[in-house]
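One letter stands for each residue in the lines below.
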Amino acid sequence: VNQADILICVCPPHAAGDVAQSVVRHGYRGVYVDANAISPARSRSIADTVQAVGAQFVDGSIVGPPAWEPGTTRLYLSGGQSRTVAECFTDSPLQAVVLDGPLTAASALKMVYAAYTKGTTALVSAPPRPLLWARREEEAVICIRKDHRGRITALSDGSLACHRPLSRDDRSAD
């Protein structure tokens, strides 16, 4: 581990912290790239862990299929040594993209991308019959009812009943 200038961690998201701890136990002081699908807060925590022993941290996120062909997969990078890491992928099928922004910008981008793609897929693949969808997030409940054409026809302000029909203002935003 200590002979490497750059370590890139790609593992199941639940193991990202354990991998970082293992690298720290070995006293690694090079560039540590966490390219896992984790939240910006978790990425920041891992950054603090590896930086505490003198390693430099780069946040990464991989978007796309396995990088067998150029132009299909990107590795977004943020952090002080992002350009150094990106240079490792010059002339490879994986396109490294350096992001300007905070240390955890790559993880934030991955979360936004995942929400967009999964949300779009859910909306597009919804059955053509009325659908009631509810999601609880930090005690807030969002309910949406769709008509047979997939248009939103009712919203709820927090109850699971979803009885409030859309006003003209709500429908114009649709």
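Scroll up for the structure.
The structure reproduced in this document is the subject of the present report. Treat the numbers as computed from the prediction; the structure is a model and nothing was measured. (Residues numbered from 1 in each chain as written. Predicted model: local features only at pLDDT ≥ 70, side-chain atom pairs only at ≥ 80, totals over all residues. Heavy atoms only, no water.)

## Observations regarding the environment of S92
Now for step 1: In this fold, S92 is placed in the loop between α3 (82-87) and β5 (94-98).
Now for step 2: Relative accessible area serves as the criterion here: at 28%, S92 is assigned to the partly exposed category.
Now for step 3: Separated by 24 residues in sequence, S92 and W68 place their C-alpha atoms 9.1 Å apart.
Now for step 4: A distance of 2.8 Å separates a polar side-chain atom of S92 from the backbone oxygen of F89.
Now for step 5: Looking at S92, its side chain comes within polar contact range of the main-chain oxygen of L94, at 3.1 Å. (Helix = DSSP H or I, 4+ residues; strand = E, 2+ residues; numbered from the N terminus. Buried < 20%, exposed > 50% of the residue type's maximum accessible area, 1.4 Å probe, protein only. Polar contact = N/O pair within 3.5 Å; in protein donor to acceptor, adjacent residues only side chain to side chain.)

## Quick notes on the pairing of strand β3 (residues 56-63)
A regular strand places its side chains so that they alternate between the two faces of the sheet.
Now for step 1: Among the 8 residues of β3, 6 are classified as buried, and the element is accordingly described as predominantly covered.
Now for step 2: Two elements, strand β2 (residues 31-34) and β3, share 4 bridges in a ladder whose sense is parallel. Following the sheet pairing, Y32 is matched in β3 by F57.
Now for step 3: Following the backbone out of β2, through helix α2 (residues 40-51) and into the adjacent parallel β3, one traces a crossover that is right-handed.
Now for step 4: The pairing of β3 with strand β4 (residues 73-78) spans 5 bridges and is classified as antiparallel. Residue V63 lies in a different strand from β4, and its bridge partner there is R74. (Pairing = 2+ DSSP bridges. Right-handed = clockwise from strand over helix to strand, strands pointing away.)

## Looking at the pattern of salt bridges
Now for step 1: Summed over the entire model, instances satisfying the criterion amount to 1 salt bridge.
Now for step 2: The salt bridge involving D48 is made with R44; its shortest N-O contact spans 3.5 Å. With D48 and R44 both in helix α2, this residue pair falls 4 residues apart, about one helical turn.
Now for step 3: For D48, a relative accessible area of 42% puts it in the partly exposed group. (Salt bridge = Lys/Arg side-chain N within 4 Å of Asp/Glu carboxyl O.)

## As for helix α1 (residues 16-25)
Now for step 1: Among the residues making up α1, those that are buried are A16, A20, V23 and V24. Projected down its long axis, α1 shows its buried positions confined to an angular sector of 100°, all on one face. Exposed residues on α1 whose side chains face more than 90 degrees from its buried face are D18 and R25.
Now for step 2: Positive phi appears at G27, one or two residues downstream of α1, with a value of about 70°. (Arc of directions from axis to C-beta.)

## Topic: the sheet that holds β5
Now for step 1: Ordered by their spatial adjacency, 5 strands build an open sheet running β1-β2-β3-β4-β5, and the pairing between neighbours is mixed. A single partner strand is all that each edge strand has here, and the edge strands are β1 (6-9) and β5. Averaged over all pairs of adjacent strands, the angle between their axes in this sheet comes to 25°, without regard to strand direction.
Now for step 2: In the packing of α1 onto the sheet, the strands contacted are β1 and β2, and the crossing angle to β2 comes to about 170°.
Now for step 3: α2 contacts β2 and β3 of the sheet and is inclined by roughly 145° relative to β3. (Axes fitted to C-alpha atoms, helices over the stretch in contact; angles between N-to-C directions. Contact = heavy atoms within 4.5 Å.)

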